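Descriptive analysis of the structure
So the chains spell out like this:
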Amino acid sequence: MEREKILQRFEQDIERITAGAVLDRIALLEKTAQPQSTDFLDPFQQRTADRVLHLFKDVKSVTWGGYPGAERARLLVYPSQRQADKESVPLAFIEAEAHKADGLTHRDYLGAVLGLGLRREKLGDILLTGESKAQLVVHPEILSFLLTNWGEVGKYSVSVKEITADELAPTPPRVREIKTTVASLRLDSVASAGFGMSRSKLSPAVKSGQIKLNWQSVTSASATVKEGDIISLAGRGRVEVAEVRGQSKKGRIQLLLKKRI
C-alpha cells in the first residue's frame, strides 16, 4: 500500500506524523530485514501505530515501556518469520536522587531533563519512588548523556545512576473518584468538574494549549469528550472520564470521573 494513501487515512497532524514515523521503520525493516524501533509513543500515538500495523500482515510488533502498565512505550517492528519479545525492545533505566529535597513532582524531574535540551520522545515514564527519588525509562542513546550531564532538579543537586529493569518500582496510581453532573460533555464543562475550577479560569489554559485531551493539545473549549477520555491540565494532573451514566432527573449528564492524586 502506498505511503500517501495510508497517511490520508489520518486526520490530525500528530496522527500523520506518528503514522509516517511507523511507516519509515517498516520501510527500513523491509530494506534491511532487521528489527526497527520507534521513539517513545504516548497511548494516543500507540493507537495510531496499531492502525498502521494492521495494514501490514507480514510485519509483527512489540510495544513495551519497561514494566507492565507503562504509559509511554517504544514500538519494535520485525519480520513475521522471526521472533521477538519485550526484552528485544531497546530501553535503559536510571535512578535520580535529589539531595536535601522533598515533595518533588513528576513535572520537576521532567522539566529538569528537558532543560538539558533532550526531546520528550526520548523519555519514557517517570516513576516517583520517594520524596526525593525518581526512576526514569529512557532511550539508550541518551543514557550516557544523562549520567554525565544531569546534575540538578530545580534548586537541588541530583545524583544519577543506571539501574536495571528489575529494579524499577512502579506503584499503582492513587485515584480519587468524583461523582458529578454537567450540562454537556463539552471539554470545559467536564474539566471544570474534574479539576474543581470555574470554566472562566479554565478558558486561558485551553486557549494556551495547557489542556490536553487524550495526550493531544486542544484549543477549543467546546470539544466533545466521551467515556474513556483522559483530560490533563499542566500542573494539575489528569482526569479520566470513567463513566457516562446518563441523565439526571433535572436533565444533566451524570459522570464518574477518576482523578489521579
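Residues numbered from 1 in each chain as written. Predicted model: local features only at pLDDT ≥ 70, side-chain atom pairs only at ≥ 80, totals over all residues. Heavy atoms only, no water.

**Structural notes on the overall build of the chain**
Scanning the chain from N- to C-terminus turns up 7 helices and 14 strands. Its C-alpha atoms give the chain a radius of gyration of 20 Å, within 12% of the compact-globule value 18 Å for 261 residues. By its C-alpha atoms, the chain is 60 × 55 × 30 Å across when sized along the principal axes. Among the 261 residues that make up the chain, the fraction classed as buried is 44%. Here the chain has roughly 14,100 Å² of accessible surface; of this, 47% comes from carbon and sulfur atoms. Between the centroid of the 40 positive side chains of the chain and the centroid of its 32 negative side chains there is a distance of 7 Å. (Helix = DSSP H or I, 4+ residues; strand = E, 2+ residues; numbered from the N terminus. Rg over C-alpha atoms; globule rule 2.2 N^0.38 Å. Buried < 20%, exposed > 50% of the residue type's maximum accessible area, 1.4 Å probe, protein only. Areas by Shrake-Rupley, 256 points an atom, 1.4 Å probe, with all protein chains shown as cover. Lys, Arg positive; Asp, Glu negative; His and termini not counted. Charge placed at Lys NZ, Arg CZ, Asp CG, Glu CD.)

**Let's talk about the sheet that holds strand S10 (residues 211–213)**
Taken in spatial order, the 6 strands line up as S9-S14-S13-S12-S10-S11 in an open sheet, and their pairing is antiparallel. Looking along the sheet, the strands with just one partner apiece sit at the ends: strand S9 (175–182) and strand S11 (216–217). Note: S9 against strand S14 (residues 253–260), 8 bridges, orientation antiparallel. The residue of S14 that forms the bridge with Val175 is Arg260. (Pairing = 2+ DSSP bridges.)

**Topic: the nonpolar core**
Core analysis: the largest hydrophobic core is formed by 23 residues, its most contacted members being Ile94, Tyr109, Leu136, Val138, Leu146 and Trp150. When residues of this core are traced back to their parent elements, those giving at least two are strand S4 (92–98), helix H4 (106–114), strand S5 (123–128), strand S6 (133–138), helix H5 (143–149) and strand S8 (156–163). Residues contacting Ile94, with those up to four places away along its chain left out, are Ala134, Gln135, Leu136, Val138, Leu143, Leu146, Leu147, Trp150, Val160, Lys161, Glu162 and Ile163. Membership of the second largest hydrophobic core comes to 22 residues, among which are Ala191, Phe195, Ala205 and Ile253. (Core = buried A, V, L, I, M, F, W, Y, C linked by side-chain atoms within 4.5 Å. Contact = heavy atoms within 4.5 Å.)

**A word on a negative patch on the surface**
On the surface, Asp85, Glu87, Asp166 and Glu167 cluster together to form a negatively charged patch. Here Asp166 is to be found in the loop between S8 and S9. A relative accessible area of 77% means that Asp166 is categorised as exposed. (Patch = residues over 30% accessible without salt bridge, like charges linked within 9 Å, V, L, I, M, F, W, Y side chains within 5 Å. Salt bridge = Lys/Arg side-chain N within 4 Å of Asp/Glu carboxyl O.)

**With respect to the pairing of S5**
When you tally the buried positions in S5, you get 5 out of 6 residues, the bulk of the element. Both S5 and S6 contribute to a ladder of 4 bridges, which runs antiparallel. When the sheet's bridge partners are listed, Leu128 is paired in S6 with Ala134. Remark: 4 residues form the turn of the hairpin made by S5 and S6, two consecutive strands paired antiparallel.

**Regarding the sheet that holds strand S2 (residues 59–64)**
If you walk across this open sheet you meet the 3 strands as S1-S3-S2, and the pairing is antiparallel. The sheet is open, and its two borders are formed by strand S1 (36–41) and S2, each paired with just one other strand. The sheet shows a mean angle of 20° between the axes of neighbouring strands, direction not considered. With 4 bridges joining them, S1 and strand S3 (residues 73–79) adopt antiparallel strand pairing. Its bridge partner being in S3, Phe40 is matched across the sheet by Arg74. Helix-sheet contacts for helix H2 (residues 13–32) involve S1, S2 and S3, and the interaxial angle to S1 is about 165°. (Axes fitted to C-alpha atoms, helices over the stretch in contact; angles between N-to-C directions.)

**Brief notes about helix H3 (residues 43–53)**
Owing to its 3.6 residues per turn, the α-helix brings residues three or four apart onto one side. Among the 11 residues that make up H3, 8 are buried, leaving the element largely enclosed by the rest of the structure. Within H3, burial applies to Pro43, Phe44, Gln45, Gln46, Thr48, Ala49, Val52 and Leu53.

**Brief notes about unusual backbone geometry**
Phi is positive for Lys100, close to 55°, though the residue is something other than glycine. When you line up the elements, Lys100 lands in the loop between S4 and H4. Of the residues examined, Lys100 reaches a relative accessible area of 85% and is grouped as exposed. Positive phi, normally seen in glycine, also occurs at Trp215, with a value near 70°. Checked against the element boundaries, Trp215 lands in the loop between S10 and S11.

**So, the pattern of salt bridges**
Taken as a whole, this structure holds 12 salt bridges when the rule is applied. Among the charged side chains, a salt-bridge network with shared partners connects Asp39, Lys122 and Glu141.

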